[in-house]
Amino acid sequence: MIKRLALLAFLAAPSLAYGQAAPIRPNHILPQYSTVTAANSNAGAPRAMLRMAAPPASGSYAALWPPGSLRKDTRVPSLYADGTAGTLEQIGRMADGSVQQQDANKPQGYVQPDTSGNVTLPVIGSTSNAPATADGTATPRTLAARFSDTHNLADYGAALDGSGNDLNKIQTIYNALSDGAVVHVPVWSKWNGSITTPDLNKHITWIMDGALPGDYTPPPGDGDLSIYNGGASYHLERKDTYTKGFRFPAYFTYWNDNSGYQGPPANWMQYAAVSISSISGPSSTGNTSPISITHNSYGQNPSTSYDVGINLNVNKYGQNSVWGIVDNIGDVSGKSPGFAASWNEFDLRANGYDIKPWDKTYGTPQAGHRSVFYVAGSHQSVSGWQSNWTMTAFSYAKGSTTAPQLVDVLAMDGVHYVWYVVESGKSGVNNPGFPVPSKFNATISGTTMTVSSIYSGTIHVGDYVTGAHPVTPIQITGQASGTTGGVGVYTLASGTNSDQDEALEAAAHVTDGTGVWEYGEELNQSISSLVFFTGNPGDAVDTLVGAKAGITLGNAAVDTSLMAFQKNSAVVRGAAGQPIDLSGDGTLADANQHTMDYDSGAFRYKVSGSTVFAVRDDGSVQLLTKTRAQILSVPAPSEGMSVYDLDDHAQVTYRCPPGSACAWYPVQYGSPLSN
């Protein structure tokens, strides 16, 4: 009996459905207890489970009053889990308020988990305050708190049915959103993305599980970001009309501050913020690209708005090798190339003249308004020295992004030089005076620097040597031998290696107030080459620069007429024996019929490979030489032609004197020259 009472007590424990207690009700009126209630002659009568009526005087047996005179206050030892006793009345009340098994997953019942302990059927009523813990976490949060992490238009009452009333509702929801809010739009939405009155100071991110209806539908808002599923691809869109403050639709950053990575030649991998790849399979057709970029420009402000298809900026603050663009095409097919097998293509399609032939500037070298390949090579602008200037030195520490602070200095030699801060501080009231750096050729091996020649200036002990090597300037600690401040052997504070007879410079540090400057380089830049071709021995290039038939050249293939030339500069420079062809007609058969070259100490003009005219290094002129028979067989000679006759050892000229027939006439010589 005690065991059954304990079981009743367990079943009678208050029921909880997501933390909510079911209301107490009299279980004895339920159908399953109908036989019991009928026997007690009180069917349907609400009462306590234990009827505490007094036994009749006759002593006959009364219902629910078994022998032993049990009463409602009869105590049951160890009734509760903590070992305390309880009464039969307490048992009755708990049993009468318990939830029945038939009430599983029903109103006023309880939630019954499946065999895996998961609740699979919907729960009626609010579960907002029900706590939940995400996998792998320890802190539970209510469902209301979790759902409030993101905004959803449907949660705020938007019908998203595309109606006009709903647009007004969405406008009201939009007005209440804070700047930077992220709003989700469900996949079933029919909203067209219209925000009637966008806030110019507000930027919302709309995440749509579906796409906006229609073709080329503008994204929501003004300056907002829209991310939506366009079917088989995701779209990021943003439209700026009057919004204040530009923001990139997408921003990727990768920060490499790992000194353990390897670079060339052991590793050519690029550690990039974005890696995009595509594959064109063996059975593929059509055009495949990892990136396709299109910019459509409808603006009408040519002098103030520059639209750029790809804008690439690379800023060099340290001494890493920096490449603006690396474009590698690798043909590993092992087969002969077909049409357009490996190309780098730059197209420009337009109409009409760029510089009109009747323009006053036509024919002068200029970039014009259209340029397929425009190269600008200008030195970096650097500020001049300022007093009481906060000076910040470049930091080599991990995580640092401090840019070198530069200053433009006009030195005593009339040259502008760049110096940078090497010790932070504040500049003084007056310009401290910056020295002219010495320039020389030297070889550094370890802590020894051997100077082979001085270009300008004097080297001083205490100066800091700089150049391509060493990467970080090194102080000169002494001179071991040679001319003081000139050619000789010097010692350095730390070891490194340089190229043989490398061009180096040196200057002392300059203390300025509480900061220190270190010499960098000249302000004006030079560029070794604009276009440079290289390859492995045995490789060939058929045409370095060519043009298709039918293209008209308006000015010149190369025009350097406005450039300033240094002493040893040249428009075109070739090696001895390399010809300039003046007879090309686009075919290899007629190539080099008329050429000019320099070889064997003479500038030569050749026809079909034979020299017809030469100017030697001493300035003497050599005519075409022929035998008498060859001269007389020249077809259709013209008056004034001159040839040297090898038979008569004389120069002959084709003349047509008045009254005489045209013929070859030898030059009449006088006495030979003598000292």
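In case you missed it, the structure is sitting above this.
Counting restarts for each chain, with residues numbered from 1 along the sequence as it is written. Owing to the predicted nature of the model, reporting of local features is limited to residues with pLDDT of at least 70; listing and counting of side-chain atom pairs is limited to 80 or more, with chain, interface and lining totals taken over all residues. Only heavy atoms go into the side-chain values, all of them from the structure, while hydrogens and water stay out.

## Brief notes about the overall build of the protein chain
Working step 1: Counting from the N terminus, the helices are DSSP H or I runs at least four residues long and the strands are E runs at least two residues long. Helix and strand counts for the protein chain stand at six helices and 31 strands.
Working step 2: Buried residues in the protein chain amount to 21% of all 675 residues.
Working step 3: Contacts spanning at least 24 positions in sequence make up 41% of the contacts within the protein chain whose residues lie at least 6 apart.
Working step 4: For the protein chain, the exposed surface amounts to about 47800 Å²; the carbon and sulfur share of it is 53%. Summary of the burial criterion: residues with accessible area below 20% of their type's maximum are buried, those above 50% are exposed, and those between are partly exposed, where the area comes from a 1.4 Å probe applied to protein chains only. Any two residues whose heavy atoms approach within 4.5 Å are treated as being in contact. Surface accessibility in these figures is a Shrake-Rupley result with a 1.4 Å probe; residues are shielded only by whichever protein chains are displayed.

## Examining the pairing of strand β22 (residues 515–522)
Working step 1: Across the eight residues of β22, six count as buried, placing the element largely inside the fold.
Working step 2: Note on pairing: two strands pair once DSSP finds at least 2 bridges between them. Here strand β21 (residues 510–512) runs beside β22; their pairing, made up of three bridges, is antiparallel. Across the sheet, Asp 512 pairs through a bridge with Gly 515, a residue of β22.

## A closer look at helix α5 (residues 164–176)
Working step 1: An expected span of 1.5 Å times one less than the residue number is assigned to each helix. With 13 residues, α5 should cover 18 Å at 1.5 Å per step; its first-to-last C-alpha distance of 19 Å lies within 8% of that length.
Working step 2: Where α5 is concerned, the buried positions are Asp 166, Ile 170, Gln 171, Ile 173 and Tyr 174. On an axial view of α5, the arc spanned by its buried residues comes to 165 degrees, and they lie on one face. Residues of α5 that are exposed and point more than 90 degrees away from the buried face comprise Asn 165 and Ala 176.
Working step 3: Tucked into the core, α5 has its buried residues touching β9 (205–208). It is the directions from the helix axis to the C-beta atoms whose arc is reported.

## Some thoughts on the side chain of Thr 87
Working step 1: Relative to the assigned elements, Thr 87 resides in strand β4 (residues 86–87).
Working step 2: Owing to a relative accessible area of 16%, Thr 87 belongs among the buried residues under this scheme.
Working step 3: With residues near it in sequence (within four places) discarded, Thr 87 still touches Lys 72, Asp 73, Thr 74, Arg 75 and Leu 79.

## Quick look at the state of the cysteines
Working step 1: Criterion for a disulfide: a pair of cysteine sulfur atoms at a distance within 2.5 Å. Within this structure, the stated rule accounts for one disulfide.
Working step 2: Sulfur-sulfur distance for the disulfide between Cys 656 and Cys 662 comes to 1.8 Å. Measuring handedness by torsion sign, the sulfur bridge of Cys 656 and Cys 662 sits at about 120 degrees and is right-handed.
Working step 3: For Cys 662, a relative accessible area of 37% translates into the label partly exposed.

## Overview of the packing of aromatic side chains
Working step 1: Each aromatic pair joins two rings of Phe, Tyr and Trp (for Trp, the six-membered one) with centres within 6.5 Å, and gets the label stacked for planes under 30 degrees apart, edge-to-face for over 60, and tilted for any other angle. One pass over the full model with this rule turns up 14 aromatic pairs.
Working step 2: Pairing Tyr 261 with Tyr 271 gives two aromatic rings, centres 4.2 Å apart and planes at 10 degrees, and the pair type is stacked. In this pair, Tyr 261 sits in the loop between β11 (234–238) and β12 (390–391) while Tyr 271 sits in the loop between β11 and β12, placing the two residues ten residues apart along the sequence.
Working step 3: Look at Tyr 261 and you get partly exposed, because its relative accessible area is 39%.
Working step 4: Where Trp 389 meets Trp 517, the ring centres are 6.1 Å apart and the plane angle is 40 degrees; that geometry is what we call tilted.

## Examining the side chain of Glu 502
Working step 1: In this structure, Glu 502 sits in strand β20 (residues 502–507).
Working step 2: Neither His nor the chain ends is counted toward charge; the positive residues are Lys and Arg and the negative residues Asp and Glu. Just to be clear on terms, a salt bridge is a Lys or Arg side-chain nitrogen sitting within 4 Å of an Asp or Glu carboxyl oxygen. Here Glu 502 sits buried without a salt bridge, and the closest side chain of opposite charge, Lys 316, lies 13 Å off (N-O distance).
Working step 3: Setting aside anything within four residues of it in sequence, one finds Glu 502 in contact with Phe 440, Asn 441, Ala 442, Gly 467, Ala 468 and His 469.

## Concerning unusual backbone geometry
Working step 1: Across the junction of Pro 264 and Pro 265, the peptide omega takes the value 0 degrees, indicating a cis bond.
Working step 2: By secondary structure assignment, the location of Pro 265 is in the loop between β11 and β12.
Working step 3: In this model, His 469 is joined to Pro 470 through a cis peptide bond whose omega is 5 degrees.
Working step 4: On the secondary structure map, Pro 470 appears in the loop between β17 (464–466) and β18 (474–482).
Working step 5: In this structure, Leu 160 takes a positive phi of about 55 degrees despite not being glycine.
Working step 6: Within the element layout of this structure, Leu 160 appears in the loop between β7 (151–152) and α5.
Working step 7: Note on Leu 160: relative accessible area 2%, which makes it buried.
Working step 8: In the Ramachandran plot, Asn 592 falls in the positive-phi region, its phi being about 60 degrees despite a non-glycine side chain.
Working step 9: Inspection of the secondary structure puts Asn 592 in the loop between β23 (580–581) and β24 (594–599).
Working step 10: On the basis of relative accessibility, which here comes to 38%, the residue Asn 592 falls in the partly exposed class.

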